[in-house]
Amino acid sequence: MHKKVTFGGFAFPLVLLLPQLAITFVFFLWPAAQALYQSVLRQDAFGLRTTFVGLDNFARLLNDPSYLASFKVTLVFSTSVTLTGLAVALLLACMADRVIKGSGAYKTLLIIPYAVAPAVAGVLWYFLFNPSIGILAYLVRGLGYNWNHQISGTDAMILVVIASVWKQISYNFLFFLAGLQAIPKSLIEAAAIDGAGPWKRFTSIIFPLLSPTTFFLLVVNVVYAFFETFGVIHATTSGGPGQATTILVYKVFTDGFVALNLGSSAAQSVILMLIVVLLTAVQFRYIERRVQY
Amino acid sequence: MADIAIRNVVKRYGDTQVIHGISIDIAAGELIVIVGPSGCGKSTLLRMVAGLEVITEGEISIGGRVVNRLEPKDRNIAMVFQNYALYPHMSVFDNMAYGLKIAGRPKGEINERVQKAARMLELSELLDRRPRQLSGGQRQRVAMGRAIVRNPAVFLFDEPLSNLDAKLRVQMRLEIKQLQRSLATTSLYVTHDQVEAMTLADRLVVMNQGVAEQIDTPLEIYERPASTFVASFIGSPSMNFLPGEVDGDGTSIALAQGPRLRAMGQALGQHGGRSITLGVRPEHLAMVPEGEEDFHLQVGVVETLGADILVHGKLVEAGAAARQAKGEGGSGIIAARLPGSARVLEGERLPLKVASGLLHLFDPESGKRLVEV
Ligand SMILES: Nc1ncnc2c1ncn2[C@@H]1O[C@H](COP(=O)(O)OP(=O)(O)OP(=O)(O)O)[C@@H](O)[C@H]1O
Ligand SMILES: [Mg+2]
């Protein structure tokens, strides 16, 4: 049993909570309320008149083929980023788990990408895959494929997926490694004695025991792909060519701040907010039950 | 069922050598217990038999086949781990069936074998549970069940009972022995508990710092320990050790504390004049009427066990007044195990006699056994 420390009264706890509440209010509640408010308004082209239009912004969005296309792009993008990111990180973690000599250096190197700013990561991959000067573009061309992400939508998508995955790999790696190291070695040994080869041990023992970690990372990565890849996309493809890499968040930005269609942009933010709420709900529900196998 | 031969096995981790050339021949169906203090290399030896550690030097063969280069799964063994190592995400049934499923046995056969093992271990009611829903003793049984369903040639146990409470440990000890007897599967059992070792073993391997000090039946090891280490490790409370010297003619032993013991039975002629370490087990000291004693015990502490009492005290010379032990004479603190009916007071001087023929002589330098007296 450990003893709970309690504060009496109302004022003192409030004072303690105040900094956090202030941050939440200024950086979350206020902008969220603004977005909600904006999403039911429409401004004329010169920003002189603002009219109340109800849910019209939403209705237009859902009938707008470019918005629906962006939904599809987001789906492809976030699925690819999440699955590739998890798979590669898991592979690296499994290998790091087996390394004994020099594991410190290996792990440190794998954690570096996390310290790189998204825009820098984007620029890095932009140059590596640059059709005229990029070394990787050159190598790919050597394999007989004419890489050009400035023209081909597929190439552009692959590029932003690679850059985004690379940026997130460290995070996933750390969690997977911690998860792997939490599995008692004797379980693996018992399975080896029971006749399971390495692959069988992975699929029947290690992977199931990692499932709480995997699920947690799944949610985190989906959220990452949805919202935090803005910098990477902005620095590499700017959502192009055409709309090939314009994910929902990027569209909020282009419609609102480039095209200055504030009402529509706000409505898109509200939809995104709902998606976050949904994902968070899933995550919380899950975390409550995660101790169970 | 298979015999195991361990030949000159050495284990090194980098520059540290932890096993220094051990050889053991184990007959088919035998239950061998490896016992020794913590860190002496028991687990390492067992894990080399299992194939979980690389054998640095030497050779291990199971059923006449050298297994040095074989994977654990190809050695036809089963192992019970100290922490049981049950798969937490599988039911008891699946835990036991795992190996059979991997071996690709038909469903009906798997079901039959698991059910049979479960009946034997009284787990039939628990087959649908997860390991975390079981008590320690039940988990232990599941671990046993997982080992026996595969019907391996060899069982390996690494301190399987050390996580259980004392009562359950005694019960499971008996069950393991019965199970081993009925299955007649060659078994290697590691423990640091000497009672467990004595009660279970057909033969006992007493290990110390990576060396097998003695390999013999429990009784033989108790009666004729090969070294002071074995003598002090097996038997509870430990054997008393007293420094002394054999007389020139080999008829008596002069203890450093003063008392002189007649050498009973065998003559000690060959050891005449040499210094020795005398070993006497606490249970081989008896209270005798004043005048017949070999020496007196200045009683310090009395522990009551019920059937017996343990008397701890300092040795003093027979008859004569207590005198200071000589500098090199050791502490002279000894223990005696007397019948529970004996009335002994703390501070009393107790006349004690050594049971004849149950003395042990060791070389004080090497600790090796010299001869029985
Ligand atoms: N991976 C390793 N690297 C270096 N030394 C090791 C390694 N594993 C074990 N040792 C050493 O080998 C020796 C024997 O270890 P082992 O686990 O066999 O002891 P044990 O007899 O089973 O002890 P216990 O009763 O505590 O389980 C110990 O001194 C230990 O420090
Ligand atoms: Mg051990």
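What comes next concerns the included structure. Quantities reported herein were computed from a predicted structural model and do not represent experimental measurements.

Concerning the site of ligand 1
All names here are of chain B. Residues in close proximity to ligand 1 include Y13, V18, S38, G39, C40, G41, K42, S43, T44 and E159, which together make up its full environment. Separating an oxygen atom of ligand 1 from a side-chain N or O atom of S38 is a distance of 2.5 Å. At 2.8 Å from an oxygen atom of ligand 1 is found a main-chain nitrogen or oxygen belonging to G39. Compared with its free state, where it exposes 640 Å², ligand 1 has 58% of that area covered by protein. When residues in the shell around ligand 1 are grouped by element, the largest group, 3 residues, is from helix α1 (residues 42-50). For the shell around ligand 1, the residue count by class is 3 nonpolar, 5 polar and 2 charged.

Some remarks on the pattern of salt bridges
Within this structure, the stated rule accounts for 20 salt bridges over all chains. Of the charged contacts in the structure, one is a salt bridge between R47(B) and E189(A), with a shortest N-O distance of 2.7 Å. Here the residue R47(B) occupies a position in helix α1, and E189(A) occupies one in helix α8 (residues 185-193), the pair thus bridging two chains. Classification of R47(B) by relative accessible area gives buried; the value is 13%. Judged by relative accessible area, which is 9%, E189(A) ranks as buried. We note a salt bridge from R260(B) to D247(B), for which the minimum N-O separation is 2.5 Å. Of this pair, R260(B) sits in strand β13 (residues 260-262) while D247(B) is found in the loop between β11 (240-246) and β12 (252-255), placing the two residues 13 residues apart along the sequence. Taken together, the salt bridges that share partners define one network made up of K185(A), E189(A), K11(B), R47(B) and E53(B).

Comments concerning the sheet that holds strand β7 (residues 154-158) of chain B
Strand pairs in the sheet, formed through backbone hydrogen bonds, run parallel or antiparallel to each other. Residue and element names in this part refer to chain B. Reading across from one edge, β6-β7-β8-β3-β9-β10 is the order of the 6 strands in this open sheet, with mixed pairing throughout. On the outer flanks of this sheet lie β6 (77-80) and β10 (211-216), each paired with one strand and no other. The mean inter-strand angle of the sheet, taken between neighbouring strand axes irrespective of direction, is 15°. The sheet contact formed by strand β3 (residues 31-35) and strand β8 (residues 186-191) spans 5 bridges and is parallel. Opposite V33, over in β8, you have Y189 as the bridge partner. Strands β3, β6, β7, β8 and β9 (203-208) of the sheet are contacted by α1, whose axis makes an angle of about 150° with β7. Of the strands in this sheet, β6 and β7 touch helix α4 (residues 136-149), which is tilted by about 175° from β6.

Some points on the layout of surface pockets
In this structure, the largest pocket spans a volume of roughly 1,400 Å³. Looking at the lining of the largest pocket, the elements that each hand over two or more residues are α3 (65-98), α8 and α9 (198-228) of chain A together with β1 (4-13) of chain B. Looking at the lining of the largest pocket, its residues break down into 21 nonpolar, 2 polar and 10 charged.

Observations concerning the nonpolar core
Judged by nonpolar contacts, the single largest core of 75 residues is most densely connected at F77(A), L45(B), I60(B), L156(B) and L188(B). With near-sequence residues (within four places) excluded, L156(B) lies in contact with L46(B), V49(B), A50(B), I77(B), A78(B), M79(B), V80(B) and L188(B).

Quick word on helix α5 (residues 166-183) of chain B
All names here are of chain B. Its 18 residues place the ends of α5 26 Å apart at the C-alpha level, agreeing with the 26 Å of an ideal helix rising 1.5 Å per residue. The complete set of buried residues in α5 reads M172, R173, I176, L179 and Q180. For α5, the arc enclosing every buried residue in end-on projection is 135°, short of the 170-degree limit, so these residues lie on one face. Along α5, the residues that are exposed and aim more than 90 degrees away from the buried face are K167, L174 and S182. Of the surrounding elements, those touching the buried residues of α5 are β3, α3 (107-120), α4, β7, β8 and α6 (194-200). A positive phi of about 50° marks A184, the residue just after α5.

Brief notes about empty space enclosed by the protein
Summed over all chains, the structure comprises 1 cavity of 30 Å³ or more. Taken as a whole, the largest cavity holds about 70 Å³ of empty space. Taken together, A190(A), I193(A), D194(A), A78(B), M79(B), F81(B), A143(B), R146(B), A147(B) and R150(B) make up the full set of residues lining the largest cavity. Breaking the lining of the largest cavity down by element, the ones donating at least two residues are α8 of chain A together with β6 and α4 of chain B. Top contributing element to the lining of the largest cavity by residue count: α4(B), with 3 residues. Split by residue class, the lining of the largest cavity holds 7 nonpolar, no polar and 3 charged.

Rules of the game
- By convention here, each chain's residues receive numbers from 1 onward along its written sequence.
- Chains carry letters from A onward and ligands carry numbers from 1 onward, assigned in written order.
- At least 70 in pLDDT is required for a residue's local features to be given in this predicted model, at least 80 for side-chain atom pairs to be given and counted, and no such filter applies to totals for whole chains, interfaces and linings, which use all residues.
- Where side-chain values are given, they derive from all heavy atoms of the structure, hydrogens and water being excluded.
- In this text, near means that some heavy atom of the residue lies within 4 Å of the molecule or strand in question.
- Any pair of nitrogen or oxygen atoms within 3.5 Å is treated as a polar contact; in protein, a donor-acceptor pairing is required on top of that, and neighbouring residues in sequence qualify only through side-chain atoms on both sides.
- Computed with the Shrake-Rupley method and a 1.4 Å probe, the accessible areas treat only the protein chains shown as cover for residues.
- Numbering of helices and strands starts at the N terminus; helices are DSSP runs of H or I of at least 4 residues and strands are runs of E of at least 2.
- Throughout, the ten residues Ala, Val, Leu, Ile, Met, Phe, Trp, Tyr, Cys and Pro are labelled nonpolar, Asp, Glu, Lys and Arg are labelled charged, and all others, Gly among them, are labelled polar.
- Here a salt bridge means any side-chain nitrogen of Lys or Arg lying within 4 Å of a carboxyl oxygen belonging to Asp or Glu.
- Buried means the residue's accessible area, taken with a 1.4 Å probe over protein chains only, is under 20% of the maximum for its type, while exposed means over 50%, and partly exposed covers the values in between.
- Two strands pair if DSSP finds at least two bridges between them.
- Axis definition: a line fitted to C-alpha atoms, limited for helices to the stretch in contact. Angles are taken between N-to-C directions and run from 0 to 180 degrees.
- In what follows, residue pairs with any heavy atoms lying within 4.5 Å of each other are defined as contacts.
- With a 1 Å grid laid over protein atoms only, a set of points is called a cavity when a 1.4 Å probe fits there but cannot get out and a pocket when it is open yet has protein on both sides within 12 Å along at least five of seven lines; lining residues have an atom within 4 Å of a point.
- Grid points are joined across faces, edges and corners, and a volume is the space filled by probe spheres set on the points.
- Think of a nonpolar core as a cluster: buried Ala, Val, Leu, Ile, Met, Phe, Trp, Tyr and Cys residues, connected wherever their side-chain atoms sit within 4.5 Å.
- A helix is expected to span 1.5 Å multiplied by its residue count minus one.
- This arc is built from the directions going out from the helix axis to the C-beta atoms.

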